Amino acid sequence: MKLRKLITAVAASACAAAVLALGASAYDLNTDLNIFWSASKTVPGTEFIGVQDGAYITVTYSVDQSLADMAGHDYWCIKPMINDSGWPLVDGIAELTPSEDGSSYVIEPDSTSITFTIPEAHAEHVEIAGLAFMGHGITLETLTVSNEAPVVDTPVVDTTAPAEGGKGNPDTGVEGMAAVAAAASVAAGTMLLSRKRN
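The rules we used
Residues numbered from 1 in each chain as written. Predicted model: local features only at pLDDT ≥ 70, side-chain atom pairs only at ≥ 80, totals over all residues. Heavy atoms only, no water. Helix = DSSP H or I, 4+ residues; strand = E, 2+ residues; numbered from the N terminus. Buried < 20%, exposed > 50% of the residue type's maximum accessible area, 1.4 Å probe, protein only. Contact = heavy atoms within 4.5 Å. pLDDT = per-residue confidence, 0-100. Pairing = 2+ DSSP bridges. Axes fitted to C-alpha atoms, helices over the stretch in contact; angles between N-to-C directions. Core = buried A, V, L, I, M, F, W, Y, C linked by side-chain atoms within 4.5 Å.

### Comments concerning the overall build of the chain
So, step 1. On a plain count of helices and strands, the chain comes out with 3 helices and 8 strands.
So, step 2. Moving toward the C terminus, one meets the helices and strands of the chain in the order α-β-β-β-β-β-β-α-β-β-α.
So, step 3. Buried positions account for 27% of the 198 residues belonging to the chain.
So, step 4. When contacts within the chain are restricted to residue pairs at least 6 apart in sequence, long-range pairs at least 24 apart make up 77% of them.

Right, here's the structure in full:
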């Protein structure tokens, strides 16, 4: 019983440490970039440790959907710049789509985040100076830097189609019964081992 308590305590500590580590790299942006190109948000270089090694930057945001009906403002974009003299654009970001004039990156109106890596030519500069963000039609929420590639949810599609004019195989539930039988077998084995130990 004492061993079980010890294992539980260790697991709880590990979970707490993992949560703390995840939270430590999130930076609160909380900035409405509006539509006038006057708002901006800077993030210090200390937040970008690891971008020289290809760390992933994820920016979350909300999109102003009402701009779809506003002539001349029906577009959404983000402009990551090096937080240094003149705020030069971080160009060449492979994971993002450049705007038509190449001065920013396109944001899809139904999206809520982007993930990208800093091109090697800018990485050291970003680690030292940080980034500044401007944009149009979005409100920045958080920025996270991670060494792990983002997990992309890909829906599972059943590509097996029944033969033309024929019926597919009926679902007999045999697989489910096999799983239940296997679980019962494991439980019975566990009970036997437990009785022998007592």
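Resuming the write-up.
### Let's talk about the confidence of the model for the chain
So, step 1. Looking at the chain as a whole, the pLDDT averages 79, with 64% of positions reaching at least 70.
So, step 2. Scored below 50 in pLDDT, residues 1-24 makes 0 contacts in the model with residues more than four places away or belonging to other chains.
So, step 3. Ignoring residues within four places in sequence, the model shows residues 186-198, a span with pLDDT below 50, making 0 contacts including any to other chains.

### Brief notes about the sheet that holds strand β8 (residues 138-146)
So, step 1. An order of β1-β8-β3-β6 is seen for the 4 strands of this open sheet, with the pairing classed as antiparallel. The open sheet has two edge strands, β1 (26-32) and β6 (113-116), and neither has a second partner. When strand polarity is set aside, the average angle formed by the axes of neighbouring strands in this sheet is 15°.
So, step 2. In the sheet, β1 pairs with β8 via 5 bridges, with the strands oriented antiparallel. Looking across to β8, one finds that T31 is bridged to L140.

### Examining the nonpolar core
So, step 1. Core analysis: the biggest nonpolar cluster contains 34 residues, and F48, I57, V59, I78, I118 and I138 have the highest contact counts within it.
So, step 2. Secondary structure elements with two or more residues in this core: β3 (56-63), β4 (77-82), β6, α2 (120-129), β7 (131-136) and β8.
So, step 3. When residues no more than four places from it in sequence are discounted, the contact partners of I57 are F48, V51, I114, T115, F116, I118, L131, L143, T144 and V145.

### Overview of the sheet that holds β4
So, step 1. With antiparallel pairing, 4 strands are arranged side by side in an open sheet as β2-β7-β4-β5. Edge strands, defined here as strands with exactly one partner in the open sheet, are β2 (41-43) and β5 (105-106).
So, step 2. When β4 meets β5, the two strands line up antiparallel, connected through 2 bridges. What sits directly across from C77, in β5, is V106.
So, step 3. Against the sheet, α2 touches β2, β4 and β7, its axis set at about 85° to β4.

### Quick word on unusual backbone geometry
So, step 1. The backbone phi angle of W37 is positive, close to 55°, even though this residue is not glycine.
So, step 2. Mapped onto the elements, W37 comes out in the loop between β1 and β2.
So, step 3. Even without a glycine there, the phi angle at W87 is positive, about 45°.

### Concerning α2
So, step 1. If you check which residues of α2 are buried, you get H122, A123, V126, E127 and A129.
So, step 2. Where α2 is buried, its residues touch β2, β4 and β7.
So, step 3. Residue G130 follows α2 closely and has a positive phi angle near 90°.

### Some points on the side chain of H122
So, step 1. Structurally, H122 is set in helix α2.
So, step 2. Under the relative-accessibility criterion, H122 is labelled buried at 15%.

### Considerations on the pairing of β8
So, step 1. Relative to β8, β3 runs antiparallel, the two sharing 8 bridges. From the neighbouring strand, V63 faces β8, where its bridge partner is I138.

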